[in-house]
Amino acid sequence: MLQFFVDVILRTVDLALIAVALSCVYSLIRFPNIALVQYATAGALIALGLQTLGLPLYLAIVLSCVITGLMAVVLSVLIFEKLLDTSPPLAMVGSLAVSMIFTAVFLVTVGPRPKRFDLEIMAPVRWAGVSITPMQLVSVGLTMGAILLFALLLFRTGLGRSMRATSTNRVLAEATGIPTRKVINGVIVLSGILAALGGISISLKGEMGAQLGFDLLLPIFAAAILGGLGNALGAALGAFTIALAETFVTNVNFGWVVSQDFYFLPASFATIVSFGLLVLILLFRPHGLLVSEVKRV
Amino acid sequence: MIKIENIIAGYGDGPNILHGINLQASKGEIVTILGPNGCGKSTLLKCIAGFVKPRGGAVVLNDTDVTPVPANEKVRKHRMGYVPQSDNIFPSLTVAENILMGARFLPQATRAVALKRQFVAYPSLADKATRKASALSGGERQLLSLARALVAEPSVLLLDEPSAGLSPAMVHEVFVAIEEIRNSTGMCIVMVEQNAFEALSVADRAYILALGQVALEGCAADLIADPAMRHLYLGGDPEATTSSA
Ligand SMILES: Nc1ncnc2c1ncn2[C@@H]1O[C@H](COP(=O)(O)OP(=O)(O)OP(=O)(O)O)[C@@H](O)[C@H]1O
Ligand SMILES: [Mg+2]
């Protein structure tokens, strides 16, 4: 039972930061940027590259986040902003195209073989029947810390209030003297940082490959929609819900269905759960679990 | 104080909506912009405020060309206040928080005083200071949006239909408030209006737009007495309508 909970948390960590980033950008410019999942892969690969160059891991992570954040804003200014001006659906297709280019670039530069950070091998911690590796703990800590900091930024700082005002009503925010263009670009940098951290935190507890982010596209969208697209912290809750459903389905003994003692669905079934959940969510809760006041400052 | 020179504007790659508008308003003056729906009144106000970039012409504020200055900077550095036609409050914030939003760029120490001043001016808002703005009536919302813009003591105030959707009594109240602001602060006020007669009775001068051009301009008192203008642009004068029919 406890192991089940641990598995849910570990899966939540895979999804949460990228889903928060997606939702946060959406709240400001109504743009579901598919390329965000690739910023996660890029963040992980850049950190790996920097580590290979001899930088200590924590420094490689910080630098990679900064680089990915800047890359996010550059792509936004050069490409997505212009597409958004023309038409929002076009911008979404554009971000899909950009994502494909990213995949190609990843394949060319790092190849199809999965990579790992250079980490000391440490024995898993065992406690009350639960087994968890130190890096998994680091990954969970990193994610929770980042979400906590993000929440503090959003609800306890002037910048956070500017972000919320801009997302509620951009014209009115400008009229109260908020430089909304700067706020939006700041949030896009932040989304790049969060996505990079998301990718890094996944890679810390396992491998990273060219498909790392793209494989997560559907569960992340499902999480963000479930949280109420545009409700950044809701996305974290959405990630938990999706993780719960996925983990549940792949952990239940379906032996009784096939008249065997044990029958577990293969892990790849988790994807099907995400697909299925996404369809159900779109049908029944298109505005998310927490439908209440959509507009808030 | 404020001078609009030959403004040409439109949206996206669409056609021109404004075809060379000239307008002037000086300190302590109330200028009203009238005209039929869709003639470009709000667009003109958005050009002045900096939300729409004009395709030609200039917006001059105190002898400085501020045409390319973004709206937020006009608010902070050029002391311009703007109240949009709709969605002009933050519904999830309380009344007091809404007013304070307008005071964000004032020094921290002066904000409380500024808020209090608005509450003295609008006691009906003071009574509801801690209520969510979404729970206000239409008239209270208009007053709130006005108070939000006024809290930073702008020198130019742009109002887009401040009396829209209000009962006759509330319309009167809003115009009294606007006149009172002008009298006490010497602010320059440019307001777009549909309640033409009431607007003309508080305004000093008026511009009447039609199809993106200034069709008539002049002293408000003269315009209100001009039967041709009443018939053509205000549509509210039964005598003029019947005599030409
Ligand atoms: N954001 C926009 N994008 C494209 N066209 C717009 C936009 N806003 C207004 N227009 C068009 O510009 C023209 C003028 O609109 P504007 O809002 O300035 O009119 P108005 O005089 O304020 O009308 P009303 O009295 O109804 O408020 C209209 O034809 C309108 O369709
Ligand atoms: Mg209008």
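It should be emphasised that the depicted structure is a prediction, and the values quoted were computed from it without experimental measurement.

Colleague: Break down the interface of chain B and chain A for me, citing the residues and quoting the values.
Modeller: Listed as interface residues are 17 residues of chain B and, on the opposing side, 16 residues of chain A. The element contributing the most residues to the side of chain B that touches chain A is helix H2 (residues 71-77) of chain B, with 4 residues. Across the side of chain B that touches chain A, the residue classes tally to 10 nonpolar, 4 polar and 3 charged.

Colleague: Before we move on, can you summarise the sheet that holds strand S1 (residues 2-10) of chain B with the specific residues and values?
Modeller: Residue and element names in this part refer to chain B. The sheet built from 4 strands is open, its strands ordered S2-S1-S4-S5 with antiparallel pairing. Each having just a single partner strand, strand S2 (16-25) and strand S5 (64-65) make up the two edges of the open sheet. In this sheet, strand S4 (residues 56-61) lies alongside S1 in antiparallel orientation, the contact comprising 5 bridges. Across the sheet, Ile 2 pairs through a bridge with Leu 61, a residue of S4. Lying on the sheet, helix H1 (residues 41-49) is in contact with S1, S2 and S4; it crosses S1 at an angle near 115°.

Colleague: Can you tell me about the site of ligand 1, naming the residues and giving the values?
Modeller: All names here are of chain B. Around ligand 1 lies a shell formed by Tyr 11, Gly 14, Ile 17, Gly 35, Asn 37, Gly 38, Cys 39, Gly 40, Lys 41, Ser 42, Thr 43 and Gln 85. With 3 residues, H1 is the largest single contributor of residues to the shell around ligand 1. Considering only residue class, the shell around ligand 1 consists of 3 nonpolar, 8 polar and 1 charged.

Colleague: How would you summarise the packing of helix H9 (residues 217-226) of chain A against helix H10 (residues 232-251) of chain A if you had to cite specific residues and measurements?
Modeller: All names here are of chain A. The N-to-C vectors of H9 and H10 enclose an angle of 125°; their axes lie 7 Å apart at closest approach. In terms of axis orientation, H9 runs oblique to H10. The two elements H9 and H10 meet at a crossing, and its hand is right-handed. Across from Pro 219, Ala 222, Ala 223, Ala 224 and Leu 226 in H9, the residues of H10 making contact are Ala 235, Gly 238, Ala 239, Thr 241 and Ile 242. Its residues placed into classes, the contact of H9 with H10 shows 8 nonpolar, 2 polar and no charged.

Colleague: Describe the sheet that holds strand S10 (residues 213-219) of chain B, with residues and values.
Modeller: All names here are of chain B. Taken in spatial order, the 6 strands make up an open sheet running S6-S7-S8-S3-S9-S10, and their pairing is mixed. Two strands in the sheet have a free side with no partner beyond their single neighbour: strand S6 (80-83) and S10. If you compare each strand with its neighbour and ignore which way they point, the axes differ by 15° on average. Docked against the sheet, H1 engages strand S3 (30-34), S6, strand S7 (156-160), strand S8 (188-192) and strand S9 (205-210), running at close to 150° with respect to S7.

Colleague: I'd like a description of the packing of helix H1 (residues 2-29) of chain A against helix H2 (residues 36-52) of chain A, backed by residues and values.
Modeller: Residue and element names in this part refer to chain A. In the contact formed by H1 and H2, the axes pass within 9 Å of each other and the chain directions differ by 135°. The orientation of H1 relative to H2 falls into the category oblique. When the axes of H1 and H2 are compared, the crossing they make is right-handed. Contacts between H1 and H2 involve Ile 18, Ala 21 and Leu 22 from the former and Leu 36, Val 37 and Ala 40 from the latter. Within the contact of H1 with H2, the residues separate by chemical class into 6 nonpolar, no polar and no charged.

Colleague: Outline H9(A), supporting the account with residue identities and numerical values.
Modeller: Residues and elements named next belong to chain A. Summarising burial for H9: 8 of the 10 residues are buried, a large majority. Residues of H9 that are buried: Pro 219, Ile 220, Phe 221, Ala 222, Ala 223, Ala 224, Ile 225 and Leu 226. The secondary structure elements touched by the buried residues of H9 are H1, H2, H10 and helix H11 (269-284). One or two steps after H9, the chain reaches Gly 228, where phi turns positive at roughly 90°.

Colleague: Tell me about unusual backbone geometry, and name the residues and values.
Modeller: Residue and element names in this part refer to chain B. The backbone of Asp 87 sits at a positive phi, close to 50°, despite the residue not being glycine. Mapped onto the fold, Asp 87 is located in the loop between S6 and helix H3 (95-101). With a phi angle near 50°, Leu 211 is a residue other than glycine that sits in the positive phi range. The residue Leu 211 is located in the loop between S9 and S10 in this model.

Colleague: So what's going on with the confidence of the model for chain B? Which residues, and what values?
Modeller: Residues and elements named next belong to chain B. With 93% of its residues at a pLDDT of 70 or more, chain B has an overall mean of 90. Considering only residues more than four positions removed or in separate chains, one finds that residues 236-245, a stretch of pLDDT under 50, has 11 contacts. Confidence metrics for the complex model read pTM 0.89 and ipTM 0.90.

Colleague: Lay out the environment of Phe240(A) in plain terms, naming residues and giving numbers.
Modeller: Residues and elements named next belong to chain A. Here Phe 240 is to be found in helix H10. Given 21 C-beta atoms within 10 Å, Phe 240 falls into the buried group. In sequence terms Phe 240 and Leu 84 are 156 residues apart; their C-alpha atoms lie 30 Å from each other.

Cut-offs applied
Residues numbered from 1 in each chain as written. Chains lettered and ligands numbered in written order. Predicted model: local features only at pLDDT ≥ 70, side-chain atom pairs only at ≥ 80, totals over all residues. Contact = placed C-beta atoms within 7 Å. Helix = DSSP H or I, 4+ residues; strand = E, 2+ residues; numbered from the N terminus. Nonpolar A, V, L, I, M, F, W, Y, C, P; charged D, E, K, R; others polar. Pairing = 2+ DSSP bridges. Axes fitted to C-alpha atoms, helices over the stretch in contact; angles between N-to-C directions. Near = placed C-beta within 6 Å. Parallel < 35°, antiparallel > 145°, perpendicular 65-115°, else oblique. Left-handed = near helix turned anticlockwise from the far one by under 90°. Buried ≥ 20, exposed ≤ 12 C-beta atoms within 10 Å, placed from the backbone. pLDDT = per-residue confidence, 0-100.

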